[in-house]
Amino acid sequence: MASEKDTSSDQANSLWGGRFVVGPAEIMEKINASIDFDKILYAQDIRGSRAHCHMLMAQGIISDEDGTKILAGLDQVREEIEAGNFTYDPALEDIHMHVESRLTEIIGEAAGRLHTARSRNDQVATDFRLWVRDAMDQMDQALKGLQSALVAKAEQNAHVILPGFTHLQSAQPVTFGHHLLAYFEMFTRDRDRLRDARGRLNECPLGAAALAGTSFPIDRFQTADALKFRCPTANSLDSVSDRDFALEFLSVAAICAVHVSRLAEEIVIWSSAQFNFITLSDKFTTGSSIMPQKRNPDAAELCRAKSGRIIGALTSLLVVMKGLPLAYSKDMQEDKEATFDAANAFSLIIAAMTGMIGDMTVNETSMRASTENGFITATDLADWLVRVLDMPFRNAHHVTGSLVALAEGKGCDLDGLTLEDMQTVAPKITGDVFSVLSVESSVASRTSFGGTAPEQVLLQVKAAKKRIE
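Everything numeric here is computed off the predicted structure, so don't read it as measured data.

Visitor: Tell me about unusual backbone geometry, and please be specific about residues and values.
Guide: Cis geometry marks the peptide bond from Leu 326 to Ala 327; its omega dihedral reads 10°. By the element assignment, Ala 327 lies in the loop between helix H12 (298-321) and helix H13 (334-359). Notably, Leu 168 is not glycine yet its phi reads approximately 60°, a positive angle. Along the chain, Leu 168 turns up in the loop between strand E1 (161-166) and strand E2 (169-175). The phi angle at Phe 375 is positive, at roughly 50°, despite the residue not being glycine. Assignment of secondary structure puts Phe 375 in the loop between helix H14 (364-370) and helix H15 (378-389). Relative accessible area serves as the criterion here: at 18%, Phe 375 is assigned to the buried category.

See below:
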């Protein structure tokens, strides 16, 4: 078990160097310390330190004896942290100082050689990139699971008809499978953005040192390769001052969270008594403390709300970075807490949404009944006038509008009008027009690529299953 850390100014100053002779004010320690949140980086910090140590040994910058001690000591530090036997001390500021301090306690003076040819600036940039890269990989897998749930539910409901909306007004009939696959496309673009951002992130800042590089004969390609980066970063100033990778991560997360929030809003609407399109089980709903009949879609509502946290994290980091000169400024300590929080929120909403999609019961009867309102096949009527009567579309649009007004006045839908009713508006209309006025025929006719016809939906499902991978 790690021993209690000395909180005296001597201990803190020994890590900062001989420049400081007086310890920091208490409030300075509090505002300066980041250990409460950056301790999450311990695994990445130790991975980076091990790679750096191996490179120093290979280059003859430190002896094999010292390097072997350092590697063994780092393993012990990691084991202590993972076992919960590690003591944290705000006086040591961050996870990097904690690891180095404990390493010194374990192996003595040799620990001081580990920091040769590196700075906390390139160290933290490396650790943070490693963490964000890991988070991106986890995000990608989570989105893959959500896509799989959407595709499975879409396949089950390829023939289920409901109103498609614009302005939340009934527009045209669509299939529920088609509607769900719209979100599959959104999350596909999110995964594409994620992989694109990961490619730009995947360069290693280790070896840039404080800002200018180092005079030691280091091999940055070795450390980059050891940490599975594509290559070292090309400019030492940019290496320690860049946080584009975090901004891109948060940008992708924010865009994706907006997609999750839109789907969550639809679930809230669909599960209401007024729509009754779907039912969520007890797993993803809560009750009311006073109204026993209530089944509240709290999981969906929280997905909708937590998207705001993720968007806020992106805005926060943009504001932090917007006025910083090169290279490193302490402002950049504020890059992590919001990023960690956003990643946690993102993980929660994707897991919750995946669960809700798999859990929901589709109320096919209610969906179909809802298509009987709002003159939902009006566009099919206009298309028929163009196709059969060779009417210009603008004329057909006007005639259809007049027929809608007539039906509205009679209190019926379009297929409730008689042929004689229709002929008072357009005398050339024939009885064949009724073949396009059912929602089933409307949906079945939308066979264009990417359309809502059940046969198209099943083709889209088949293609989606391949695209997920």
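After that view of the structure, there is still more to cover.
Visitor: Got a sec to walk through the layout of surface pockets? Specific residues and values, please.
Guide: Here the largest pocket defines a volume of roughly 610 Å³. The wall of the largest pocket is formed by 28 residues, among which Val 174, His 178, His 179, Leu 181 and Ala 182 lie closest to the centre. Of all elements in the fold, only E1, E2, helix H8 (176-201), helix H11 (244-270) and helix H19 (454-468) reach the threshold of two or more residues within the lining of the largest pocket. Classifying every residue of the lining of the largest pocket gives 15 nonpolar, nine polar and four charged.

Visitor: Tell me about the nonpolar core, residues and numbers included.
Guide: Counting residues in hydrophobic clusters, the biggest one holds 101 residues, and the most contacted among them are Phe 176, Ile 267, Ile 278, Ile 310, Met 353, Met 356 and Ile 357. The dominant element in this core, judged by the number of residues it contributes, is H11, at 16 residues. In contact with Met 353, not counting residues within four places along its chain, are Leu 146, Val 260, Leu 263, Ala 264, Ile 267 and Cys 303.

Visitor: Break down the side chain of Arg 191 for me, citing the residues and quoting the values.
Guide: You can see Arg 191 is positioned in helix H8. A distance of 2.9 Å separates polar atoms of two side chains, one belonging to Arg 191 and the other to Asp 140. Not counting the four nearest positions on each side in its chain, Arg 191 is found in contact with Asp 140, Leu 143, Lys 144, Gln 147 and Ile 468.

Visitor: Please give an account of H11 that cites residues and values.
Guide: Three or four residues apart is the spacing at which side chains of an α-helix point the same way, because the helix has 3.6 residues per turn. Between its terminal C-alpha atoms H11 stretches 39 Å, which fits the 39 Å expected from 27 residues at 1.5 Å a residue. Most of H11 sits out of view: 20 of its 27 residues are buried.

Visitor: Quick rundown of the pairing of E1? Include the residues and the values.
Guide: Alignment of E1 against E2, held across six bridges, turns out to be antiparallel. From the neighbouring strand, Thr 166 faces E2, where its bridge partner is Gln 169. Count of turn residues in the E1/E2 antiparallel hairpin: two residues, of which His 167 carries a positive phi of about 60°.

Visitor: Break down the packing of aromatic side chains for me, citing the residues and quoting the values.
Guide: Evaluated as defined, the whole model comprises seven aromatic pairs. Ring centres of Phe 275 and Phe 277 lie 5.2 Å apart, and the angle between their planes is 80°; on these two criteria the pair is classed as edge-to-face. By relative accessible area, Phe 277 is classed as buried at 1%. Every member of this aromatic cluster is reached through a ring pair, and the members are Phe 128, Trp 131, Phe 245 and Phe 340. The residue whose ring lies beneath Arg 133 is Phe 229, and the NZ or CZ to ring-centre distance is 4.7 Å. Taking the ring centre of Phe 128 as reference, the NZ or CZ of Lys 336 above it sits at 5.3 Å.

Visitor: So what about the packing of H15 against helix H16 (residues 393-410)? Which residues, and what values?
Guide: Taken N-terminus to C-terminus, the directions of H15 and H16 make an angle of 135°; their axes are 9 Å apart at the nearest point. With respect to their mutual orientation, H15 and H16 come out oblique. Crossing geometry of H15 relative to H16 is assigned as right-handed. Side by side, H15 and H16 meet where Ala 378, Leu 381, Ala 382, Asp 383, Leu 385 and Val 386 of the first sit next to Phe 393, Ala 396, Val 399, Thr 400, Leu 403 and Val 404 of the second.

Visitor: Describe in detail the pattern of salt bridges, supporting the description with residues and values.
Guide: A complete count under the given rule lists 31 salt bridges for this structure. Across the pair Lys 69 and Glu 65 runs a salt bridge whose closest N-O atoms are separated by 3.9 Å. Residue Lys 69 and its partner Glu 65 are both found in helix H5 (residues 64-83); the two are separated by four residues, about one turn of the helix. In the salt-bridge network here, residues are joined through shared partners; they are Glu 93, Asp 94, Arg 120 and Lys 330.

Visitor: How would you sum up the packing of H8 against H19? Please name residues and give values.
Guide: The contact between H8 and H19 brings their axes to 11 Å, and the two run at 25°. Accordingly, the angle class assigned to the pair H8 and H19 is roughly parallel. Of the two possible hands of crossing, H8 and H19 adopt the one that is left-handed. Across from Gly 177, His 178, Leu 181, Phe 184, Glu 185, Thr 188 and Arg 191 in H8, the residues of H19 making contact are Val 457, Gln 460, Val 461, Ala 464, Arg 467 and Ile 468. Of the residues contributing to the contact of H8 with H19, the split by class is six nonpolar, four polar and three charged.

Conventions we followed
Residues numbered from 1 in each chain as written. Predicted model: local features only at pLDDT ≥ 70, side-chain atom pairs only at ≥ 80, totals over all residues. Heavy atoms only, no water. Helix = DSSP H or I, 4+ residues; strand = E, 2+ residues; numbered from the N terminus. Buried < 20%, exposed > 50% of the residue type's maximum accessible area, 1.4 Å probe, protein only. 1 Å grid on protein atoms, 1.4 Å probe; cavity = no way out; pocket = protein on both sides within 12 Å on 5 of 7 lines; lining within 4 Å. Points joined across faces, edges and corners; volume = space filled by probe spheres on them. Nonpolar A, V, L, I, M, F, W, Y, C, P; charged D, E, K, R; others polar. Core = buried A, V, L, I, M, F, W, Y, C linked by side-chain atoms within 4.5 Å. Contact = heavy atoms within 4.5 Å. Polar contact = N/O pair within 3.5 Å; in protein donor to acceptor, adjacent residues only side chain to side chain. Expected span 1.5 Å × (residues − 1). Pairing = 2+ DSSP bridges. Phe/Tyr/Trp six-rings, centres within 6.5 Å; stacked < 30°, edge-to-face > 60°. Lys NZ or Arg CZ within 6 Å of the ring centre and 35° of its normal. Axes fitted to C-alpha atoms, helices over the stretch in contact; angles between N-to-C directions. Parallel < 35°, antiparallel > 145°, perpendicular 65-115°, else oblique. Left-handed = near helix turned anticlockwise from the far one by under 90°. Salt bridge = Lys/Arg side-chain N within 4 Å of Asp/Glu carboxyl O.

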